[in-house]
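Geometric and topological summary
Here's the letter readout for the chains.
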Amino acid sequence: MTDQSPPPTTPSGPGEPGPSDPTSPVSGAAPGGSPASGADPGPPATPPGYDAGPAMPPGPTPQAGPPDPTAQGGWGPPAGPPPGWDPAQGGWGPPAGPPPGWDPAQSGWGPAGAPPQGWAYPPTGGYPPGAGPYGGQPWYPGAPVGWYPPGHGLDPNDALVTPPGAGVGAWFERCGGALRRGWRQLVPIMLLTQVLPAAVLSVVSLGLDPSPGWEAQAEMDPAAGLPDNFAATLVTLVAVLVGGSLLIGLVQAVGWAAGSWVITQQATGQPASVDAALRYGLRRALGLWGWTLLVSVLIGIGFCFCVLPSIYLAFALSMAGPVYLFERQNPIGRSFGMFHARLGLLLGRVALVGGAVIVGTVVPGVLESVGTTGIGTDPFASPGTAVLAVAVIGVTAVLALPAHLAQLIGLLITYAEQRAHEAPVNGAALAAELG
């Protein structure tokens, strides 16, 4: 009990909270609006996007009952459509503009844009990239394994180049593909530049060969000695054979260059006609002929010493022709380098080609020898025997056509495979080098 009256309560004015106003600060609250220790902090602030609905007028507390579906009192829709939503399309529309760093001119990410936050180049491991308790893995620049960009690198489906490690089966597949695509052009080219010159030289040699007459004379008179004009006849025969071989070698060089052009063009999907191929062969024949002569001389010198050196030189110089056509420099040195860099691979491929050539030429040669021997010592003594001799030589020369095709296709596909082992290359790049 005290004699003092309680302090008067100041009436609340307009806009001022009163004691019953829930927004008025509680007695003992800390300055700045934060509640004092132990005080009830009150309900949390209204989250963004929550619609409390219209204010309820003061009155009695409503009784519990079923909720009013018309009352908002919950999470309402946002103020507008989400970013990227197109009401006209009824779905997500395209963004307003390209993302940062996108270069429309390059159809990709250009260097001007800033990389996303946390991006590290090159990747160093960890999460996010460039972070983490463990060290990053070594970065190897270049395209992912097994991915071949168009026009570059190694294509496992290339029709001309056998990828490294594909094996002899892939090599045979490309050889067969070249024959299937180009036999209509390769057959007439080989007939004109390989078969026909060889047949002409065989006919001339048969007509000038004095050995049957010499043998008949020796049988009739064993003590007669050397035939008359032996030296002059022998020199004439050798001169004709050597000169004819040189001339035929030039014609054959036209065929090798033309056939290589046909195979390369068709492997890239380009048209290749016989006349265009022969025109290309004429442009490149002289240089190819010169290098072929030098290779033949080297192999002949090796044969004079022993058979094995000549065989070694034949294998080591097998790539000289394609090297000249595609690279135009140092054919002999480059061929030696390819042979010693991948000895087993090139030795196996060239051995397959050489076996096909030997079988394809020895069998027709034996048939020609047997066919012309039964005609007589002088096949051109009468028109009948002359026609028969020419027919035998022509047929056996045509039988050697598969050997010419195997040599051309096999060596060219082998050269392309050797190039693939040195650096990424494809048929289009080789066609551009060939010209």
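Residues numbered from 1 in each chain as written. Predicted model: local features only at pLDDT ≥ 70, side-chain atom pairs only at ≥ 80, totals over all residues. Heavy atoms only, no water.

What follows is about helix α3 (residues 230-267). Taking 1.5 Å of rise per residue, 38 residues should cover 56 Å, and α3 covers 54 Å from first to last C-alpha, within 8% of that figure. Count one or two residues on from α3 and you reach G269, which has phi positive near 85 degrees. (Helix = DSSP H or I, 4+ residues; strand = E, 2+ residues; numbered from the N terminus. Expected span 1.5 Å × (residues − 1).)

Let us now look at the packing of helix α5 (residues 307-316) against helix α7 (residues 331-341). Look at α5 against α7: their axes get within 8 Å of each other, and the N-to-C directions meet at 100 degrees. If you check the angle between α5 and α7, you find them roughly perpendicular. Facing Y312, L313, F315 and A316 of α5, the residues of α7 in contact are S335, F336, F339 and H340. For the contact of α5 with α7, a count of residues per class yields 6 nonpolar, 2 polar and no charged. (Axes fitted to C-alpha atoms, helices over the stretch in contact; angles between N-to-C directions. Parallel < 35°, antiparallel > 145°, perpendicular 65-115°, else oblique. Contact = heavy atoms within 4.5 Å. Nonpolar A, V, L, I, M, F, W, Y, C, P; charged D, E, K, R; others polar.)

A few words now on the packing of aromatic side chains. Taken as a whole and assessed by the stated rule, the structure comprises 5 aromatic pairs. Taken together, a centroid distance of 5.1 Å and an interplanar angle of 75 degrees make the contact between W171 and F172 edge-to-face. Ring centres 6.3 Å apart and planes at 25 degrees place the aromatic pair W261 and Y280 in the stacked group. Linking W261 in helix α3 with Y280 in helix α4 (residues 274-305), this pair joins segments that are 19 residues apart in sequence. Of the two residues examined, W261 and Y280, each falls in the buried class. Cluster of aromatic residues (ring-pair linked, three or more members): Y312, F336 and F339. (Phe/Tyr/Trp six-rings, centres within 6.5 Å; stacked < 30°, edge-to-face > 60°. Buried < 20%, exposed > 50% of the residue type's maximum accessible area, 1.4 Å probe, protein only.)

A few words now on the packing of helix α1 (residues 168-208) against helix α8 (residues 343-373). Relative orientation of the contacting elements α1 and α8 amounts to 35 degrees, with a least axis distance of 14 Å. Here the hand of the crossing between α1 and α8 comes out right-handed. Judged by residue contacts, V168, W171, F172, S202 and L206 of α1 engage R349, L352, V353, E368 and T372 from α8. Looking at side-chain class alone, the contact of α1 with α8 contains 6 nonpolar, 2 polar and 2 charged residues. (Left-handed = near helix turned anticlockwise from the far one by under 90°.)

With that out of the way, let us pick up helix α9 (residues 383-399). In a regular helix each residue adds 1.5 Å, so 17 residues correspond to 24 Å; α9 covers 24 Å between its end C-alpha atoms and thus fits that length. Buried within α9 we find A386, A389, V392, I393, T396 and A397. Taken around the axis of α9, the buried residues stretch over an arc of 130 degrees, which confines them to a single face. Projecting away from the buried face of α9 at angles above 90 degrees are the exposed residues P383, G384, V387 and V395. (Arc of directions from axis to C-beta.)

Turning next to a nonpolar patch on the surface. A contiguous nonpolar surface patch, about 410 Å² in accessible area, is contributed by L192, L196, V200, V204 and L208. According to the relative accessible area criterion, V200 is partly exposed, its value standing at 47%. (Patch = residues over 30% accessible without salt bridge, like charges linked within 9 Å, V, L, I, M, F, W, Y side chains within 5 Å. Areas by Shrake-Rupley, 256 points an atom, 1.4 Å probe, with all protein chains shown as cover. Salt bridge = Lys/Arg side-chain N within 4 Å of Asp/Glu carboxyl O.)

Here we come to the environment of S369. Note that S369 resides in helix α8. For S369, a relative accessible area of 41% gives the class partly exposed. When the C-alpha atoms of S369 and I393 are compared, they prove to be 9.0 Å apart, with 24 residues separating the residues in sequence.

A few words now on the nonpolar core. A general tendency of soluble globular proteins is for nonpolar side chains to be buried together. The biggest cluster of nonpolar side chains holds 56 residues, and the ones touching the most others in it are L160, W261 and I263. Sequence-distant contacts of L160, that is, excluding residues within four places in its chain, are made with R174, I263, T264, A267, I413, A416, G427 and L430. (Core = buried A, V, L, I, M, F, W, Y, C linked by side-chain atoms within 4.5 Å.)

Per-residue confidence for the protein gives a mean pLDDT of 76; residues scoring 70 or more make up 65%. Low pLDDT (under 50) marks residues 49-65, which in the prediction has 11 contacts with non-local residues, meaning those over four places away or in another chain. Ignoring residues within four places in sequence, the model shows residues 69-74, a span with pLDDT below 50, making 9 contacts including any to other chains. (pLDDT = per-residue confidence, 0-100.)

Our next topic: the pattern of salt bridges. Using the criterion set out here, one finds 7 salt bridges in the structure. Residue E417 is joined to R349 by a salt bridge in which the shortest nitrogen-to-oxygen separation is 3.0 Å. Highlighted residues: E417 in helix α10 (residues 401-422) and R349 in helix α8, separated in sequence by 68 residues. Considered together, E417 and R349 belong to a single accessibility category, that of buried residues. Through salt bridges with shared partners, a single ionic network connects E327, R334, R342, R419, E422 and E433.

Turning our attention to the environment of N330. Along the polypeptide, N330 turns up in the loop between α6 (320-327) and α7. Judged by relative accessible area, which is 47%, N330 ranks as partly exposed. Considered as a pair, N330 and W291 are 39 residues apart in the sequence and their alpha carbons are 9.8 Å apart.

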